There are 2 protein chains.
Amino acid sequence: MLRIGEVAARAGVSVRALRYYEEQGLLEAERTPSGQRRYPESAVGRVRFVQQLYAAGLTSRDVLEVLPCVHTGVATPAMIARLAEQRDGIDRQIAELTAARERLAEIIRIGEQYVPGGPDPSEAAVDACRPVGRPATEELQPAG
Amino acid sequence: MLRIGEVAARAGVSVRALRYYEEQGLLEAERTPSGQRRYPESAVGRVRFVQQLYAAGLTSRDVLEVLPCVHTGVATPAMIARLAEQRDGIDRQIAELTAARERLAEIIRIGEQYVPGGPDPSEAAVDACRPVGRPATEELQPAG
DNA sequence: CTTGACCCTGACGTCAACGTCAGGTTCTAG
DNA sequence: CTAGAACCTGACGTTGACGTCAGGGTCAAG
């Protein structure tokens, strides 16, 4: 059984975060007679999983829905539906992220191409900042 | 030239958000003599881009660094480096999201498999909640 | 000229996931 | 037994991206 500081260190989060997770019902702990929390080794993995879901944009409440096995150990059809919703939400997120990444990558490519000695990379960079493939309007002139 | 409500509606954000973007230096607007904001059509695309970057986990300040062309129209080598950093950050995010998605998908698969008429899907679901391929410890018994 | 939709500038409220501080207890090393 | 590290429970503070309310201009239509 691990102490809270140990779990925090291994999972790469703060002690406060673990207490917060408990408050939110995401992580249980046994208590010593004096009231100190004791965690099984598996708590480390669970915390990392919670962090993953947070990183996926889920809230604590979402995670609570997504981790029914934490409390009940059972996955009902309704829960499966919610899980699927969350999964689809993540899919949409990944799609948006990929799009954003591509636009950034394009700006970078243009920038790297012009930086070495080019006199005025502005037009190309500005184009990259525009919504995909839209022709220039009156905004964002080449700074001249 | 569009009015602020028009831009907000087309970009799918609130009027307040647009004023906030201006406050953060992410979006400029001309003003009528009476002080009302007027935007070019391209503002809609810009707002969508900003939203994309927000969705990618960037802060307003990050976006401000990432969109230097908004103000200067030029991409310096230092900016390129920052762009690359952000891109890599997004890559890491995508990787994490994909991992989270996979774990969710696995839980769903197990759930769907057992739901139709299975009497006790708990063990499988519980396994799916565990860090990848870790054997059962004393926590999370099959609820009985 | 008045009604109503839209716009303006502050400025305070919100929500989530913690950070941080206060004031006190417990555990471990010497 | 004593110092110090680690733990406890409140409870208030923080940050980012807005929401929302107050109080007041603007403008096309009737």
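A. Seen up close, the overall build of chain A. Secondary structure assignment for chain A yields 7 helices and 2 strands. Secondary structure elements of chain A, listed N to C terminal, follow the sequence α-α-β-β-α-α-α-α-α. Counting across all 144 residues of chain A, residues that qualify as buried make up 45%. Of the contacts formed within chain A by residues at least 6 apart in sequence, a portion of 48% connects residues at least 24 apart. Here chain A has roughly 7500 Å² of accessible surface; of this, 50% comes from carbon and sulfur atoms.

B. Spatial organisation of the protein's contact with DNA strand D. Taken together, 20 residues lie around DNA strand D, and A:Gly5, A:Arg19, A:Arg37, B:Ser14 and B:Ser60 are the ones closest in. Within 4 Å of the protein, the contacting atoms of DNA strand D are 74% sugar and phosphate, with bases supplying the remainder. A distance of 3.4 Å separates a phosphate oxygen of DNA strand D from a polar side-chain atom of B:Tyr20. Of the residues forming the surface near DNA strand D, the biggest block, 4 residues, is contributed by helix α2 (residues 15-23) of chain B.

C. Here's a closer look at the protein's contact with DNA strand C. By nearness alone, 20 residues border DNA strand C, and A:Ser14, A:Ser60, B:Gly5, B:Arg19 and B:Arg37 come closest of all. When atoms of DNA strand C within 4 Å of the protein are split into backbone and base, the sugar-phosphate part holds 74%. For DNA strand C, a base oxygen lies 3.1 Å from a polar atom in the side chain of A:Arg16. Between a phosphate oxygen of DNA strand C and a side-chain N or O atom of A:Tyr20, the distance comes to 3.3 Å. At the level of elements, α2 (15-23) and α3 (42-55) of chain A together with α1 (4-11) and α2 of chain B are the ones that each hand at least two residues to the surface near DNA strand C. Here the surface near DNA strand C takes 4 residues from α2(A), the largest share from any one element.

D. Here's a closer look at the packing of α2(A) against α3(A). All names here are of chain A. Close contact between α2 and α3 brings their axes to 12 Å; oriented N to C, the two are set at 80 degrees. The orientation of α2 relative to α3 falls into the category roughly perpendicular. Between α2, through Leu-18, Tyr-20 and Tyr-21, and α3, the contact on the second element is made entirely by Val-47, Val-50, Gln-51 and Tyr-54. Class assignment for the residues of the contact of α2 with α3 results in 6 nonpolar, 1 polar and no charged.

E. Spotlight on the nonpolar core. Counting residues in hydrophobic clusters, the biggest one holds 66 residues, and the most contacted among them are A:Leu18 and B:Leu18. Apart from residues no more than four positions distant in its own chain, A:Leu18 is found in contact with A:Ile4, A:Val7, A:Ala8, A:Val13, A:Leu27, A:Tyr39 and A:Val47.

F. Expanded view of the pattern of salt bridges. All names here are of chain A. Applying the stated criterion across every chain yields a total of 18 salt bridges over all chains. Glu-22 is the salt-bridge partner of Arg-31, the closest N and O atoms lying 2.9 Å from each other. Arg-31 gets classed as partly exposed once you look at its relative accessible area, which sits at 44%. Taking the relative accessible area as the measure of exposure, Glu-22 reaches 22% and is therefore partly exposed.

G. Representation of the packing of helix α1 (residues 4-11) of chain A against α2(A). Residue and element names in this part refer to chain A. Here α1 crosses α2 at 105 degrees, and the two axes come no closer than 8 Å. For the element pair α1 / α2, the angle class is roughly perpendicular. Residues Ile-4, Gly-5, Val-7 and Ala-8 of α1 touch α2, and the partners they reach there are Val-15, Leu-18 and Arg-19.

H. Broad picture of the confidence of the model for chain A. All names here are of chain A. When pLDDT is averaged across chain A, the result is 78; 72% of the residues are at 70 or more. Across residues 117-128, confidence stays below pLDDT 50; counting only partners more than four residues off in sequence or on other chains, it has 17 contacts. Note on residues 131-144: pLDDT is under 50 here. Beyond four places in sequence and across chains, it has 22 contacts.

Reading the values: rules and limits
Residues numbered from 1 in each chain as written. Chains lettered and ligands numbered in written order. Predicted model: local features only at pLDDT ≥ 70, side-chain atom pairs only at ≥ 80, totals over all residues. Heavy atoms only, no water. Helix = DSSP H or I, 4+ residues; strand = E, 2+ residues; numbered from the N terminus. Buried < 20%, exposed > 50% of the residue type's maximum accessible area, 1.4 Å probe, protein only. Contact = heavy atoms within 4.5 Å. Areas by Shrake-Rupley, 256 points an atom, 1.4 Å probe, with all protein chains shown as cover. Near = heavy atom within 4 Å. Polar contact = N/O pair within 3.5 Å; in protein donor to acceptor, adjacent residues only side chain to side chain. Axes fitted to C-alpha atoms, helices over the stretch in contact; angles between N-to-C directions. Parallel < 35°, antiparallel > 145°, perpendicular 65-115°, else oblique. Nonpolar A, V, L, I, M, F, W, Y, C, P; charged D, E, K, R; others polar. Core = buried A, V, L, I, M, F, W, Y, C linked by side-chain atoms within 4.5 Å. Salt bridge = Lys/Arg side-chain N within 4 Å of Asp/Glu carboxyl O. pLDDT = per-residue confidence, 0-100.

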